[in-house]
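The lines below spell out each chain.
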Amino acid sequence: MFKYAALFAVLATPALSAGLEIDLAGEANGTIVIDLFEETAPLHVAQITAIAEAGSYDGVVFHRVIDGFMAQTGDVENGVMGMDLSRAGTGGSEFGDIPAEFSDIPFERGVVGMARAQNPNSANSQFFIMFEPGYFLNGQYTVVGEVTEGMELVDQIKRGTGANGAVIGQPDMMAAVRVTE
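Conventions we followed
Residues numbered from 1 in each chain as written. Predicted model: local features only at pLDDT ≥ 70, side-chain atom pairs only at ≥ 80, totals over all residues. Heavy atoms only, no water. Phe/Tyr/Trp six-rings, centres within 6.5 Å; stacked < 30°, edge-to-face > 60°. Helix = DSSP H or I, 4+ residues; strand = E, 2+ residues; numbered from the N terminus. Buried < 20%, exposed > 50% of the residue type's maximum accessible area, 1.4 Å probe, protein only. Pairing = 2+ DSSP bridges. Contact = heavy atoms within 4.5 Å. Axes fitted to C-alpha atoms, helices over the stretch in contact; angles between N-to-C directions.

S.K.: I'd like a rundown of the packing of aromatic side chains, residues and numbers included.
M.R.: In the structure shown here, the tally under the stated rule is four aromatic pairs. Ring centres 5.8 Å apart and planes at 20 degrees place the aromatic pair Phe107 and Phe128 in the stacked group. With Phe107 in the loop between β5 (70-73) and β6 (111-114) and Phe128 in strand β7 (residues 127-130), this pair connects stretches of sequence that are 21 residues apart. Judged on exposure class, the residue Phe107 and its partner Phe128 are both buried. Ring geometry for Phe128 and Tyr141: centres 6.1 Å apart, planes at 80 degrees, overall edge-to-face. In this pair, Phe128 sits in strand β7 while Tyr141 sits in the loop between β7 and β8 (143-149), placing the two residues 13 residues apart along the sequence. Its relative accessible area of 5% is what places Phe128 among the buried residues.

Written out as structure tokens, the structure reads:
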């Protein structure tokens, strides 16, 4: 019940922010800018901006990176640099899961989508950035935004190995994440 109350408190804030600035550290170094789609996915945008404003994304690694597909991050529970990262990608946040907000926006290069489990209504804090189009995701995952600056930096994020794209050794991370208006 607390998780739903926290989500409604986030949604009650007067204005949603328009984007994120993410400082990358690792093989990729620099700042990327993401425009968030508040009108397309208001619940998802409200949750990820609340997590960012709390500083919870700072230090979170890119735990799943598949060349030619996408880079996934956002596990604020199990994916913070300095922790045992063996469970990175299995956690969420203090907020509850979010109902799907599917749209007709296609998964093109640079599009940001929300990661989820099998249940379409299980997105929480994790998100991914597309390296290449992934039209098979259309209508199956919530689109929350797109990279508007720094896609060349996203391309430099350390790649994972194997079918699940798990990053071995020192993964790249979001050193700092800021909400922009």
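S.K.: Describe the environment of Asn124, listing the residues and the values that go with them.
M.R.: Along the chain, the position of Asn124 falls in the loop between β6 and β7. Judged by its relative accessible area of 8%, Asn124 falls in the buried class. Expressed as a C-alpha distance, the spacing of Asn124 and Asp97, which sit 27 residues apart in the sequence, is 4.7 Å.

S.K.: Outline the sheet that holds β5, listing residues and values.
M.R.: With respect to topology, nine strands assemble into an open sheet ordered β3-β9-β1-β2-β8-β6-β7-β5-β4, the strand pairing being antiparallel. Of all strands in the sheet, those with a lone pairing partner are β3 (60-61) and β4 (64-66), marking the two edges. Strand direction decides the pairing type here: β4 and β5, joined by three bridges, are antiparallel. Of the residues in β5, the one forming a bridge with Arg64 is Gln72. In the packing of helix α2 (residues 42-53) onto the sheet, the strands contacted are β1 (19-25), β2 (30-36), β6, β8 and β9 (173-180), and the crossing angle to β9 comes to about 115 degrees.

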